[in-house]
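The chain contents come next:
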Amino acid sequence: MPEAQPIILFDGECVLCSANAQFILTHDKARRYRLAAMQGEVGAELFRRHGVDPNDPDTILVIDGDRVLRDSDAVLSIYTGLGWPWRIAGLVLLVPRWLRDPAYRWVARNRYRIFGRRETCWIPNAEHADRIM
């Protein structure tokens, strides 16, 4: 895979985050994204490199070249990158970040309580294994 592909760093034990990762892999027809769970060696190192504790993350990160997106900007960039019809989520960018990010952070802080936690990190099927770092 080309190194220029955006990398999504996510929590592989979070039920919501894992479901989102599966959604992305299924709907990313252009195979644009690679994913790395914070529980893995690569994901943990990338989280640390960008100032996020992989043992207590408060955000999802999207690393796209020199750009690092977090919070609602990261989520919205993923969905706009999936193409139609998912790119319509980009309309939420019209809402100021100071309104979007607190809502995102609240969900991120409470994700295990609201959605649950897996006992083990989610593992993709063979079709998508090459996109996981």
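Scroll up to find the structure this text is about.
Parameters at a glance
- Residues numbered from 1 in each chain as written.
- Predicted model: local features only at pLDDT ≥ 70, side-chain atom pairs only at ≥ 80, totals over all residues.
- Heavy atoms only, no water.
- Helix = DSSP H or I, 4+ residues; strand = E, 2+ residues; numbered from the N terminus.
- Contact = heavy atoms within 4.5 Å.
- Polar contact = N/O pair within 3.5 Å; in protein donor to acceptor, adjacent residues only side chain to side chain.
- Pairing = 2+ DSSP bridges.
- Expected span 1.5 Å × (residues − 1).
- Buried < 20%, exposed > 50% of the residue type's maximum accessible area, 1.4 Å probe, protein only.
- Arc of directions from axis to C-beta.
- Patch = residues over 30% accessible without salt bridge, like charges linked within 9 Å, V, L, I, M, F, W, Y side chains within 5 Å.
- Areas by Shrake-Rupley, 256 points an atom, 1.4 Å probe, with all protein chains shown as cover.
- Salt bridge = Lys/Arg side-chain N within 4 Å of Asp/Glu carboxyl O.
- Phe/Tyr/Trp six-rings, centres within 6.5 Å; stacked < 30°, edge-to-face > 60°.
- Lys NZ or Arg CZ within 6 Å of the ring centre and 35° of its normal.

(A) Focus on the environment of D58. Mapping D58 onto the fold places it in the loop between helix 2 (41-49) and strand 3 (61-64). Residues in contact with D58, not counting those within four places in the same chain, are V52, R70, D71, Y104 and A108. Side chain to side chain, D58 and R70 meet in a polar contact 3.2 Å long.

(B) The pairing of strand 3, seen in detail. Both strand 1 (residues 7-10) and strand 3 contribute to a ladder of three bridges, which runs antiparallel. Bridge assignment links I7 to a residue of strand 3, and that residue is I63. With four bridges connecting them, strand 3 and strand 4 (residues 67-70) associate as antiparallel partners. For V62, the partnering residue across the bridge sits in strand 4 and is L69. In this antiparallel pair of consecutive strands, strand 3 and strand 4, the connection spans two residues, and G65 shows a positive phi of 65°.

(C) Main features of helix 4 (residues 97-109). Across its 13 residues, helix 4 extends 18 Å between first and last C-alpha, which sits within 8% of the 18 Å expected from 1.5 Å per residue. Residues of helix 4 that are buried include every one of R100, D101, Y104 and A108, and no others. In a view along the axis of helix 4, the buried residues occupy a sector of 90°, so they form one face of it. Facing away from the buried side of helix 4 by more than 90 degrees, the exposed set consists of W98 and R109. Check the buried side of helix 4 and you find it contacts helix 3 (71-81) and helix 5 (111-115).

(D) Highlighting a nonpolar patch on the surface. Side chains of V15, L16, W106, I114 and F115 sit close together on the surface and give an oily, nonpolar patch of about 410 Å² of accessible area. Where the nonpolar patch is concerned, the elements lending two or more residues are helix 1 (15-27) and helix 5. When you line up the elements, L16 lands in helix 1.

(E) Fine view of helix 3. Of all the 11 residues making up helix 3, eight are buried; the element is thus mostly covered by neighbouring parts of the structure. Along helix 3, the residues that are buried comprise D71, S72, D73, A74, L76, S77, I78 and Y79. Buried residues along helix 3 sit in contact with strand 1, helix 1, strand 3, strand 4 and helix 4. Count one or two residues on from helix 3 and you reach G83, which has phi positive near 85°.

(F) Representation of the packing of aromatic side chains within the structure. Going through the model one piece at a time under the given rule, you end up with two aromatic pairs. With a centroid separation of 4.9 Å and 80° between ring planes, the pair formed by F23 and W86 is classed as edge-to-face. With F23 in helix 1 and W86 in the loop between helix 3 and helix 4, the pair connects residues that are 63 residues apart, well separated along the chain. A relative accessible area of 21% places F23 in the partly exposed class. Here a set of aromatic residues connected by ring pairs shows up, and it is made of F23, Y79 and W86. Its guanidinium or amino end placed over the ring of Y112, R111 lies 4.6 Å from that ring's centre, counting from NZ or CZ.

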